[in-house]
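If you want the building blocks of each chain, they are given just below.
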Amino acid sequence: VVTDLGLATLQGADGLHAELASALDALHVVAELKFCGGSELKVLAEGALTSAKAGEIDAIVVGGGDGSIRTVAGVLAGSGVPLGILPLGTLNHFAKDLGIPLRVEEAAATIAAGHTRVVDLAEVNGEIFINKDTVLGEDHIKRIKKSTIKKIRLLQQQGNEESVIAKTISKDIV
């Protein structure tokens, strides 16, 4: 389990560590808990991926918000290694979209039960995105042409997948 240290600091690292350990122990899940700074998250995820490919671990779990999840998902994309999500962020859009419970104990139980789902990821200019909220965040929307926004709305009305929308965006970033 990899958790962003910024979140742990906000929530109290010792308390969060104890809560996660207790929830996983109650479910008979053996896990190594690692708290890290945001800049270390990708490196830890890459190390965990190597361990998973070697058969040393079954899955990688990230505790955090959409940004932390996006970082780890970007490392695991296409690997086939399951990613468990403990929604510990502020808004938790991705976890909510997937119906993952927001309480640590319930999210841990979902992971322990082995519930998996294949999801689409988008790549825009070399960046991995996990949902349309992160693709169309305020910091990016200002750089997208008005004509692209019209295309996106049309694609959404037609029910096209977000990956198609992301491809449209990647062609039209200013």
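Everything here concerns the structure above.
Model, not experiment: these values are computed from the prediction. (Residues numbered from 1 in each chain as written. Predicted model: local features only at pLDDT ≥ 70, side-chain atom pairs only at ≥ 80, totals over all residues. Heavy atoms only, no water.)

## Observations concerning the overall build of the protein chain
Inference 1: Looking only at helices and strands, the protein chain has 10 helices and six strands in total.
Inference 2: Sorting the 174 residues of the protein chain into buried and exposed places 37% on the buried side.
Inference 3: In the protein chain, the share of contacts with a sequence separation of at least 24, taken over all contacts with a separation of at least 6, comes to 57%.
Inference 4: Surface summary for the protein chain: the accessible area is close to 10000 Å², and the carbon and sulfur share equals 51%. (Helix = DSSP H or I, 4+ residues; strand = E, 2+ residues; numbered from the N terminus. Buried < 20%, exposed > 50% of the residue type's maximum accessible area, 1.4 Å probe, protein only. Contact = heavy atoms within 4.5 Å. Areas by Shrake-Rupley, 256 points an atom, 1.4 Å probe, with all protein chains shown as cover.)

## Focus: helix H6 (residues 104–112)
Inference 1: When H6 is considered as a whole, its buried residues turn out to be Val104, Ala107 and Ala108. End-on, the buried residues of H6 take up no more than an arc of 100 degrees, which puts them together on one face.
Inference 2: Just beyond H6, the residue with positive phi is Gly114, at close to 80 degrees. (Arc of directions from axis to C-beta.)

## Side note on the pairing of strand S4 (residues 83–87)
Within a regular strand, the side chains alternate between the two sheet faces.
Inference 1: Most of S4 sits out of view: four of its five residues are buried.
Inference 2: Each parallel crossover has a hand, and the one from strand S3 (residues 60–64) via helix H4 (residues 66–76) to S4 is right-handed. (Right-handed = clockwise from strand over helix to strand, strands pointing away.)

## A look at the environment of Phe94
Inference 1: Counting through the fold element by element, Phe94 comes out in helix H5 (residues 93–98).
Inference 2: On a C-alpha basis, the gap between Phe94 and Asp66 in space is 6.2 Å, while along the polypeptide they are 28 residues apart.
Inference 3: Each residue touching Phe94, except ones within four places of it in the same chain, is listed here: Asp66, Ile69, Ile85, Val119, Ile130 and Asn131.

## Details of the environment of Gly114
Inference 1: As for its position among the elements, Gly114 is in the loop between H6 and strand S5 (122–124).
Inference 2: Overall, Gly114 belongs to the partly exposed group, its relative accessible area being 45%.

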